[in-house]
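Fold and geometry: a report
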Amino acid sequence: MSAKIIDGKKLAKEIKHDLAKKVMQLKQRSIIPGLAVIIVGEDPASKIYVKRKKCDCEEIGIESFEYSLPEDTSEKDLIELIERLNVDSKVNGILVQLPLPKHIKEDKVICSINPGKDADCFHPMNVGRLSTGRPLFLPCTPAGIIELIRTTGIDISGKECVVVGRSNIVGKPTAMMLLALNGTVTVCHSKTKNLKEVCKRGDIVVAAIGKAEFINENYIKEGAIVIDVGMNRLDDRLVGDVEFESVSKVASFITPVPGGVGPMTRAILMKNTVLAAILQNESII
Ligand code: GUN
């Protein structure tokens, strides 16, 4: 078998095209969606991600407000900035790029974001809403993954879904979303025994472990859908958590890196920002 490639870049472009039309309509009602993006420090990968988010905003007509803060910014100063943005009517969405420097507690910062402006869907209130089946926003990477799976035409209901990785950003919320769509979900992690065998049960495998080309053809059942969330540097190449060449030979569908999950994460972020602008202007939140 030779897997079909799921084109995340193309799908993200379609979503952004629809959003641009929606933003034009909002502007006729004098509503300009705005996203504040905060980055602390000089992490090169984070800087690239933030730059791409800014480009997406420009493409769609969303106003972006960038705050590049020095590495030694205190937790108090960061939270004070967030509190100002929480009540700024021009700002509909707030995103704090992770990871933060070690001296800043991520959970405290996330909790300081107004849940109605939580474009990342990281706030415990929004995580709780997702877990109980009444989400306001959708978490960006997991929602992007679901959209990518949808393009295959295969129904998630009743399928064995194996999520490798249990992070708050990807693994856990992806499992929640697959479960809400009636998947039979297994979440694996570094302590999982017989990882290969567990992965091989998956009709759908989501790899989010952060280890370059860790998942090879021995982990994948013939005909499975494989979603690669990884972004790793290997000998100057950008590679995922999946060994693309070998897994392509057994999977039915596979996402590439780059051009798979990454663009979809940003497209959903834009969608959340537009939704936040609508909800705030209709005084729903
Ligand atoms: N760092 C890696 N991925 C993400 C993301 O989706 N959102 C934020 N805020 N930081 C990240």
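Residues numbered from 1 in each chain as written. Predicted model: local features only at pLDDT ≥ 70, side-chain atom pairs only at ≥ 80, totals over all residues. Heavy atoms only, no water.

1. A closer look at the packing of helix H6 (residues 140-150) against helix H7 (residues 171-180)
Between two packed helices, what matters for the description is the angle formed by their axes and the separation of those axes. It is the contact of H6 with H7, at a shortest axis distance of 9 Å, that shows an interaxial angle of 45°. In terms of orientation, H6 lies oblique with respect to H7. Read as a crossing pair, H6 and H7 show a hand that is right-handed. Two secondary-structure elements touch here, H6 through Pro142, Ala143, Ile145, Ile146 and Ile149 and H7 through Pro173, Thr174, Met177 and Leu178. Its residues placed into classes, the contact of H6 with H7 shows eight nonpolar, one polar and no charged. (Axes fitted to C-alpha atoms, helices over the stretch in contact; angles between N-to-C directions. Helix = DSSP H or I, 4+ residues; strand = E, 2+ residues; numbered from the N terminus. Parallel < 35°, antiparallel > 145°, perpendicular 65-115°, else oblique. Left-handed = near helix turned anticlockwise from the far one by under 90°. Contact = heavy atoms within 4.5 Å. Nonpolar A, V, L, I, M, F, W, Y, C, P; charged D, E, K, R; others polar.)

2. A look at the site of the ligand
As a structural note, the neighbourhood of the ligand is formed by Leu95, Val96, Gln97, Leu98, Asp120 and Phe122. Between the ligand and aspartate 120 there is a distance of 2.7 Å, counted from a nitrogen atom to a side-chain nitrogen or oxygen. For the ligand, whose accessible area on its own is 280 Å², the fraction buried by protein is 82%. Taken together, the residues of the shell around the ligand sort by class into four nonpolar, one polar and one charged. (Near = heavy atom within 4 Å. Polar contact = N/O pair within 3.5 Å; in protein donor to acceptor, adjacent residues only side chain to side chain. Areas by Shrake-Rupley, 256 points an atom, 1.4 Å probe, with all protein chains shown as cover.)

3. Here we look at the side chain of arginine 266
The topology assignment puts arginine 266 in helix H10 (residues 261-281). Setting aside chain neighbours within four positions, we find arginine 266 in contact with Arg52, Lys53 and Asp56.

4. Notes on unusual backbone geometry
Note the cis peptide between leucine 98 and proline 99, where omega equals 0°. Within the element layout of this structure, proline 99 appears in the loop between strand S4 (93-96) and helix H4 (106-112). Note that the residue after valine 257, namely proline 258, is joined by a cis bond; omega there is 0°. Summarising the element assignment, proline 258 is placed in the loop between strand S11 (253-254) and H10. The residue glutamate 213 is not glycine, and still its phi comes out positive at about 50°. Counting through the fold element by element, glutamate 213 comes out in the loop between strand S7 (204-207) and strand S8 (225-228). Look at aspartate 236: it is not a glycine, yet its phi comes out positive at around 70°. Looking at the secondary structure, you find aspartate 236 in the loop between strand S9 (232-234) and strand S10 (237-239).

In short, the description is geometric, and any link to function would need to be established separately.
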